[in-house]
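What follows is the residue order along each chain.
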Amino acid sequence: MNIRRAEPKDLTKIQQCNLHNLPENYHMRYWAYSFITWPEVSYLAEDSSGRVVGYVLSSIEPDEQFPWLQVGHVNSLSVLRTYRRLGLAKRLMLLSQKAMIDSYNIEYIQLHVRKSNRAAFTLYRDKLGFQIHRKEVGYYGDGEDAYSMRIVLKPRSFSHRLGRRFQKFVQARQRAVANWTLKCAKRVSQIK
């Protein structure tokens, strides 16, 4: 068994693994975009013949509440049924997690898991330390709910508090400028 960083040349093999295992699938453009944009955070496992038997596709995104902070996102994790219960999924996730931390200094990692996928939920919660962030109703194409899960790597820090204050300051300044502009426009109209 060989585990290594995924490369663009592996796209078709990874997509075959994805199509074989998962009901939701990404377009090839998305796979290519991910590999080009964040090449260091996706990994695959291959057997001795070079067949992809598992992979993790990850990306980096801005935080929902604090867009100046970066967070990791596991878009897809899959291991062929005959290679499950060997620890491959956990090893792939840990490699991706380390790469996200080392390369992007992320605050947390998030993912979505089907509510009915107890095996994946147990892996994420019990073996990797993810916690439920929220339930997203009808998240998947077939209408099934998802758990949005996160593992926080850094507690909310000074940068968050400073960032929030800075954001409030900028918004206050924008309101002040808008009010000033409105007052100026009224005075100009009174002069005419």
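For the structure, see preceding data.
Residues numbered from 1 in each chain as written. Predicted model: local features only at pLDDT ≥ 70, side-chain atom pairs only at ≥ 80, totals over all residues. Heavy atoms only, no water.

Caption draft 1: Region of the structure containing the pattern of salt bridges. Counted according to the given criterion, the structure contains eleven salt bridges. Where arginine 4 meets glutamate 46, a salt bridge forms, and the shortest distance between an N and an O atom there is 3.1 Å. Taken together, the residues span a long stretch of sequence, with arginine 4 in strand β1 (residues 2-5) and glutamate 46 in strand β2 (residues 43-46) at a distance of 42 residues. With its nearest N and O atoms 2.5 Å apart, the salt bridge here joins aspartate 102 to lysine 98. Of this pair, aspartate 102 and lysine 98 both sit in helix α3 (residues 88-104), four residues apart, which is roughly one turn of that helix. For aspartate 102, a relative accessible area of 52% corresponds to the exposed category. Bridged by salt links that share partners, the residues Glu64, Arg134, Glu136 and Arg150 form one connected network. (Salt bridge = Lys/Arg side-chain N within 4 Å of Asp/Glu carboxyl O. Helix = DSSP H or I, 4+ residues; strand = E, 2+ residues; numbered from the N terminus. Buried < 20%, exposed > 50% of the residue type's maximum accessible area, 1.4 Å probe, protein only.)

Caption draft 2: Local environment of the packing of aromatic side chains. A complete count under the given rule lists four aromatic pairs for this structure. Between phenylalanine 121 and tyrosine 147 the ring centres are 5.4 Å apart and the planes differ by 45°, which places this aromatic pair in the tilted class. Remark: tyrosine 147 occurs in strand β7 (residues 146-152) and phenylalanine 121 occurs in helix α4 (residues 118-127); sequence separation between them is 26 residues. Across this residue pair, the class does not change: phenylalanine 121 and tyrosine 147 are buried. When the ring of tyrosine 139 is compared with that of tyrosine 140, the centres are 5.0 Å apart and the planes differ by 90°; the resulting orientation is edge-to-face. Classification of tyrosine 139 by relative accessible area gives partly exposed; the value is 38%. Seen from the ring of tyrosine 140, arginine 114 lies directly overhead, with NZ or CZ sitting 4.2 Å from the centre. (Phe/Tyr/Trp six-rings, centres within 6.5 Å; stacked < 30°, edge-to-face > 60°. Lys NZ or Arg CZ within 6 Å of the ring centre and 35° of its normal.)

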